Every structure is written in structure tokens, then in C-alpha cells.
Amino acid sequence: MVTTMRHNKTLFICVVLTFAVIIVFRQTLYFDFILYDDVFYVTKNPHLQHGLSKHGLLWALTTLNVGNWHPMTWLSLMFDFELYGMDPGGYHVTSTMIHLLGGIFLFLAFREMTCSVWKSALIAMIFLIHPLHVESVASVAGRKDVLSGLFWALTMLAYVRYARKPAIRTYLLTVFFFAFGLMSKPTVITLPFVMALLDYWPLKRFGWHSQHQMNADSTLLTDNSPTHSSNHYFKTAPLTKLLLEKIPFFFLSFCASGLTWAAQKGSAAVIPLSNISLTARLYHAANSYILYIWKTIWPVDLSFFYPYQPQKSLEQFLLTLLFLIGITASSWRLRKSAPSFIIGWLWFILTMLPMIGIIQVGSQAMADRYTYIPMTGLSIIFVYGIGANLPFRNIKGVASAIWIVILALLIADSRYQTKYWQNSRTLFEHALITTKENYVAHTNLGTFFLKQQKYDSAELHYREALRIIPQDAEAGNNLGQLLVMKGKHSEAEKVFLKVLENHPDYVYTRRQLCDLFMTTGRKEEALLCYRKALLGDPDNPELHNNFAVTLYANGQKKEAILYLQKALRLQPGHREAKRNLDLLLNEQAPLK
């Protein structure tokens, strides 16, 4: 009877979680791809079009494209391509389903750890419907976030089962899920530290404890329902054993960290200390922790990109640092009476550490997607900790009513925030409203108008982006491309050369310059330019096609055929390369 009641309650909560996710994210079924990271992950990724093939699998396992090694993410997108082709709605449905499964398994993991069904449901609900998590779900490029969240939750659930009844099979399953998480997004490297935190609370593996002890923390909700009849005790283990059993996890984290570092360095995404000093990074990291906490509590003015801002004064930094130290000290003092405080706080601090900016990757100051896993630490504090010190915690119904209102507001806010992701224009224009000097939003909005053939609007946004960051390679490249379309070849060439002066290895601009040489009849210059461009981007099918056209124009037909064939191997559906190859093989012209 008790088991049936518990199963019914669990099923009911899973249904409620599902409906909440549907309310927020059902609209994404009709959303487009975004002219931002979706370009690199899907719309302009030739390898995706091989689908789940031998070529696709090999590429996914070996590539460091977009500055990461995450083969599970690539394989999931290839699976979507097999199902949906280039229909964005299908990709959004898959991301939403993975996000929902991650939340359900998170709920099950906390239920197993704490034996508190309703509190675990709150943790999962906040994870699933918080506005800061909209980016990870509504963006197809956010697939790496939702996948890593799913395997994070599965690893936790398997680890809890192992902690209750140690067995080699359960242990290997935990390692297996953790490895898949690392292959989804490298930020999962912090999970072994979190597993060690969970040993302290709520698993309490340092000693035998009862059900009452496991629920020593009072919360805003009271869970009076019977728990399942199976053993709730987690067996004690010496500290050395607890450390030894984490060694494989730390080893995998170390390997994933090395691969990620190589990938980020190879893509020139790591900002050197000469650009941003260590002092400035520490200032920024302390400030970012506060901003992430604030946006968790008050999630307004969200953006897909937050420009890196100059650091605050020393006085402001010291106040921020004192605030963080104060929270840490208070949590430490409560470690025995309310251990959820220190565990939740350390969860947040440690899991956010790789993205906090001490090692600056990319030009963003912060990102909503970075909170996808760290926010659960703050949720632990809110759900399991804060209620212990509120005067009305024992007043029946008051706490439940408060949480219902909070969750309703979060759902409404997330549903509203999700709408901005329906297409590139709505997303980028919203970013210009919510942030200042957002050169990335200007650049991408310019690209949107360029595709709409609204050239004057596009040029306006490109020039505004260059006003903010004169050395921005993407804005300069796109402005040059636009000037070519307008027939302003001389001005376009100057823009391209300026970009290459600041960024000699920026292959996109070099290709545009090569195309310009060919357009203006400078065939020999174009030939040399394409050869140099291919050295920097050997897997670009468009570049191979254009180079083949140039080779043919210079009388090198056989070599042109070889490069067209290479373009089609890289992207079997490349229309221009197929057309040009057919023309050459049938002794027809012209190529284009």
C-alpha cells in the first residue's frame, strides 16, 4: 500500500513536470534556427549532412570543432538530421524532451537521496522552468547543455543506488553515465567534486543514519507521506575508500579538461592574460557570482550575449568579495544544523568555477546557459535550507501557497522569455534593448537583414558593431561582403585587408577576399589566395568549390575536378559543386 501511494505520487509529479515544460517550451516547435551558434552546429555544418554514418561517427569522435570535444552532442544532432532534415521544429522538440528527462531524473535522484518527494519535485521544477535555462532549451546549439544535464542527473541517480548498495555493476553504470556527460559538454568535469559533497549531505556516508536524520533540514514544504519500504540507509565508508572510488571520475575529468583546453586554444577562443589581466579576471569573477545569484532570484533583462564590461573599482570588488566570504562563513557555521546550506553553496561555487571567467573563453561577460547545472546548488539552499529559519514554516498551507505563486511567476516569465527565441530578429533586437554596446547583437542583426536583402539596415548594424569594437573580425568580414554585393569592390577590399591585418588567420575573410579577386578578374591573385585559405580551412566545401572554379579559369581542369570531388565528399548535398562537376565532366561551361 505504501509503495503504491509513493509510486502514484511520483507519477503525478512527473506528469505535472511534463505539463509545466509543455506550457513553457511547446512554442519552440515553430521556432527557426538562430543566426548565431546554430550556424556552426547545424545549418552550415557539412558533416551533419552525413547523418549517422561511419563518416559522421568518426568525425564526431575526433573533431574539436567550435572549440569543444563533445561527440554525444554531434551524434544527437546527426540523429535529428536523420529524422527531420533541416526542419528546425524537430530539433527543438528533441531538446525539449531531453531537458524534460533531465529534470525527471534529477527529481528521482533527489527523492532517492533525501526521501522527500515534494522537496525533490521543487528542485526539479525550478530546474525545468527557470528563465535562465530558456537559452539552453530554446537554442538548438544548447543541445550540449540539455544532454550534459541529462547525464549529470543519471550519474547522480546511479551513484545514489551505488551508495545504498555498493556493487561493481552499479559503479560501472555510474562511470558510464559520467563519461557520456563529459562527451556532451566538458563542464561536467566538476561532478566528482559534487559527488564528494553529496557524501557529506544528504547521503551522509561518513556514518549510519536514520530516515529522521536524513531529513534533519526543515523546509518550506512538509512531506508527511510514507516513504518506500526499501532500505534508506547509506553505508559508511572510510575516507580513503570514498576518495579511491572517485579516482576514475577525476581521471576522466582530467582527460576531458585537457581535450577542452586543446580545443579552445586551437580555436583561438582563450583570451590571453595580455588582453585581460589576472586582477581584472578576479574582479569580474567575484562580480559574476553576485550577478548569477541576482538573476536567479530576479530573472529579468536576459540576453543571449552579455558584452564584457570594464571592471568596477577596488572598493566595489572588496565589498563583493566580503559578501561572498560572508555567505561562505555563514554556510560553514550551519554545516551541522543545516548542512544543505554549505552543500548547496559549494555546489554553486564549484560548478560555476570553469565558466566564471578566470580562464576567459570567448568575449562574453557571462551567459545564462552557464547556470544550467550550477543553479541546482542555489535551489538546494532555497528548498532545503532557507525554510528552516522562517517563522511561518510550520503554518499549514502558507509555504505551499508561496511556492505555488513563485513557480507560477517563473513559468510565466520563462514562457515570455522563450518567445524572444522564435527567430534571429526578435532575439537580437531584444538583446539591444536589455544590454548596452552589444556589438554581437548588432553584427548578427546585420546578418539577418543581409539575408533579407535589406542592405542599408544591415550596413547600419555592421558599422555600429565596428564603432563599438573596431577590430571585430566578424562585423568587418560581413560589412566587406555587403559592400561587394553593393558593387563597392574597392571599399570592400580595404575592409577585408583591415580585418586580415588584425586577424591574419581569419579564414572567412580570406575566402571573401579570394572571391573578390575572382569577381574582379584578378585570377592569379585569386589562385594564390585560395591556396592560402585552404591551408587554414581544409574542410570547407564552399572553399573547395570556389577554388575549383578559379582553377578552371586558369586552365587547370583536372585539378578543378579533384577539388569539386573533395567538396562533395565533405558535403554530399552541395548543389553548386555537383552542378560544376557535371558541367566539367560533360565538357560544358561556365562554372559558378
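Residues numbered from 1 in each chain as written. Predicted model: local features only at pLDDT ≥ 70, side-chain atom pairs only at ≥ 80, totals over all residues. Heavy atoms only, no water.

**Side note on the overall build of the chain**
Inference 1: Counting its secondary structure elements, the chain contains 28 helices and two strands.
Inference 2: At 27 Å, the chain has a C-alpha radius of gyration in line with the 25 Å of a compact globule built from 592 residues.
Inference 3: If one aligns the C-alpha atoms of the chain with their principal axes, the spans along those axes are about 85 × 55 × 45 Å.
Inference 4: Total accessible area computed for the chain in this model is approximately 26,700 Å², and 64% of it derives from carbon and sulfur atoms.
Inference 5: Of note, the chain has its 55 positive side-chain charges centred 9 Å away from the centre of its 38 negative side-chain charges. (Helix = DSSP H or I, 4+ residues; strand = E, 2+ residues; numbered from the N terminus. Rg over C-alpha atoms; globule rule 2.2 N^0.38 Å. Areas by Shrake-Rupley, 256 points an atom, 1.4 Å probe, with all protein chains shown as cover. Lys, Arg positive; Asp, Glu negative; His and termini not counted. Charge placed at Lys NZ, Arg CZ, Asp CG, Glu CD.)

**Section: the state of the cysteines**
Inference 1: Per the stated rule, a full pass over the model turns up one disulfide.
Inference 2: The residue that forms a disulfide with Cys514 is Cys529, at a sulfur-sulfur distance of 2.1 Å. For the disulfide bridge between Cys514 and Cys529, the dihedral angle about the S-S bond is near -85°, and by the sign convention the bridge is left-handed. Separated by 15 residues along the polypeptide, Cys514 in helix α24 (residues 507-519) and Cys529 in helix α25 (residues 523-536) bring together distant segments of the chain.
Inference 3: Classification of Cys514 as buried rests on a relative accessible area of 0%.
Inference 4: Given a relative accessible area of 7%, Cys529 falls into the buried group.
Inference 5: Of all cysteine sulfurs, the one in Cys115 lies closest to Cys14, which takes part in no disulfide; the gap is 16 Å. (Disulfide = S-S within 2.5 Å. Buried < 20%, exposed > 50% of the residue type's maximum accessible area, 1.4 Å probe, protein only.)

**Some words on the environment of Lys494**
Inference 1: Its place among the elements puts Lys494 in helix α23 (residues 489-502).
Inference 2: You can call Lys494 exposed: its relative accessible area is 59%.
Inference 3: Along the chain, Lys494 and Val507 lie 13 residues apart, while their C-alpha atoms are 16 Å from each other.

**Some details on the packing of aromatic side chains**
Inference 1: Applying the stated criterion to the full structure yields 30 aromatic pairs.
Inference 2: Ring geometry for Tyr289 versus Phe348: centroids 5.7 Å apart, planes at 70°, classification edge-to-face. In this pair, Tyr289 is assigned in helix α14 (residues 278-297) and Phe348 in helix α16 (residues 339-352), connecting sequence segments 59 residues apart.
Inference 3: Look at Tyr289 and you get buried, because its relative accessible area is 7%.
Inference 4: Look at Phe348 and you get buried, because its relative accessible area is 1%.
Inference 5: Here a set of aromatic residues connected by ring pairs shows up, and it is made of Tyr36, Phe304, Phe305, Phe428 and Tyr439.
Inference 6: One residue, Arg335, lies across the ring of Trp332, its end atom 4.1 Å from the ring centre. (Phe/Tyr/Trp six-rings, centres within 6.5 Å; stacked < 30°, edge-to-face > 60°. Lys NZ or Arg CZ within 6 Å of the ring centre and 35° of its normal.)

**Details of the side chain of Thr371**
Inference 1: Here Thr371 is to be found in the loop between β2 (364-366) and α17 (375-385).
Inference 2: Ignoring any residue separated from it by four or fewer positions in sequence, one finds Thr371 in contact with Leu132, His133, Tyr292 and Met352. (Contact = heavy atoms within 4.5 Å.)

**Structural notes on the environment of Leu527**
Inference 1: Within the fold, Leu527 resides in helix α25.
Inference 2: On a C-alpha basis, the gap between Leu527 and Pro538 in space is 15 Å, while along the polypeptide they are 11 residues apart.
Inference 3: Residue contacts for Leu527: discarding those within four places in its chain leaves Phe547, Thr550, Leu551, Asn554 and Gln556.

**Brief notes about the packing of helix α22 (residues 473-485) against α24**
Inference 1: The N-to-C vectors of α22 and α24 enclose an angle of 15°; their axes lie 9 Å apart at closest approach. When the axis of α22 is compared with that of α24, the two are roughly parallel. Note on packing geometry: the crossing formed by α22 with α24 is left-handed. Every residue of α24 that contacts α22 at Ala473, Asn477, Gln481 and Val484 is listed here: Tyr508, Thr509, Gln512 and Leu516. (Axes fitted to C-alpha atoms, helices over the stretch in contact; angles between N-to-C directions. Parallel < 35°, antiparallel > 145°, perpendicular 65-115°, else oblique. Left-handed = near helix turned anticlockwise from the far one by under 90°.)

**Points about the nonpolar core**
Inference 1: In terms of nonpolar packing, the biggest core is built from 152 residues, with Phe107, Phe110, Ile129, Met156, Phe304 and Trp347 touching the most fellow members.
Inference 2: If sequence neighbours within four positions are ignored, Phe304 has contacts with Tyr36, Glu135, Arg369, Trp421, Leu427, Phe428, Ala431, Val440 and Ala441.
Inference 3: Membership of the second largest hydrophobic core comes to 14 residues, among which are Tyr41, Val42, Ala60 and Met78. (Core = buried A, V, L, I, M, F, W, Y, C linked by side-chain atoms within 4.5 Å.)

**Focus: the side chain of Arg164**
Inference 1: If you trace the backbone, Arg164 turns up in helix α8 (residues 143-164).
Inference 2: Arg164 sits in the buried class, given a relative accessible area of 11%.
Inference 3: Polar contacts involving the side chain of Arg164 include one to the side chain of Glu112, which spans 3.0 Å. (Polar contact = N/O pair within 3.5 Å; in protein donor to acceptor, adjacent residues only side chain to side chain.)

**Observations concerning the pattern of salt bridges**
Oppositely charged side chains can form a pair if their charged atoms are brought close together.
Inference 1: This structure, assessed with the given rule, holds 23 salt bridges.
Inference 2: For Glu245, the salt bridge is made with Arg205, and the minimal N-O distance between the two is 2.5 Å. A residue pair is termed long-range when its members are at least 10 positions apart, and Glu245 in the loop between α12 (239-244) and α13 (247-266) and Arg205 in the loop between α10 (191-200) and α11 (211-214) qualify at 40 residues.
Inference 3: Take Glu245: its relative accessible area is 6%, and that puts it in the buried class.
Inference 4: On the accessibility criterion, Arg205 (2% relative accessible area) is buried.
Inference 5: One connected set of salt bridges, linked through shared partners, spans Asp199, Arg205, Lys241, Glu245 and Lys246. (Salt bridge = Lys/Arg side-chain N within 4 Å of Asp/Glu carboxyl O.)

**Here we look at the packing of α14 against α16**
Inference 1: Where α14 contacts α16, the two axes come as close as 12 Å, and the packing angle between them is 125°. Accordingly, the angle class assigned to the pair α14 and α16 is oblique. Pair α14 / α16 crosses with right-handed handedness. Contacts between α14 and α16 involve Tyr289, Tyr292 and Ile293 on the former and, on the latter, Trp345, Phe348, Ile349 and Met352.
Inference 2: Grouping the constituent residues of the contact of α14 with α16 by class yields seven nonpolar, no polar and no charged. (Nonpolar A, V, L, I, M, F, W, Y, C, P; charged D, E, K, R; others polar.)

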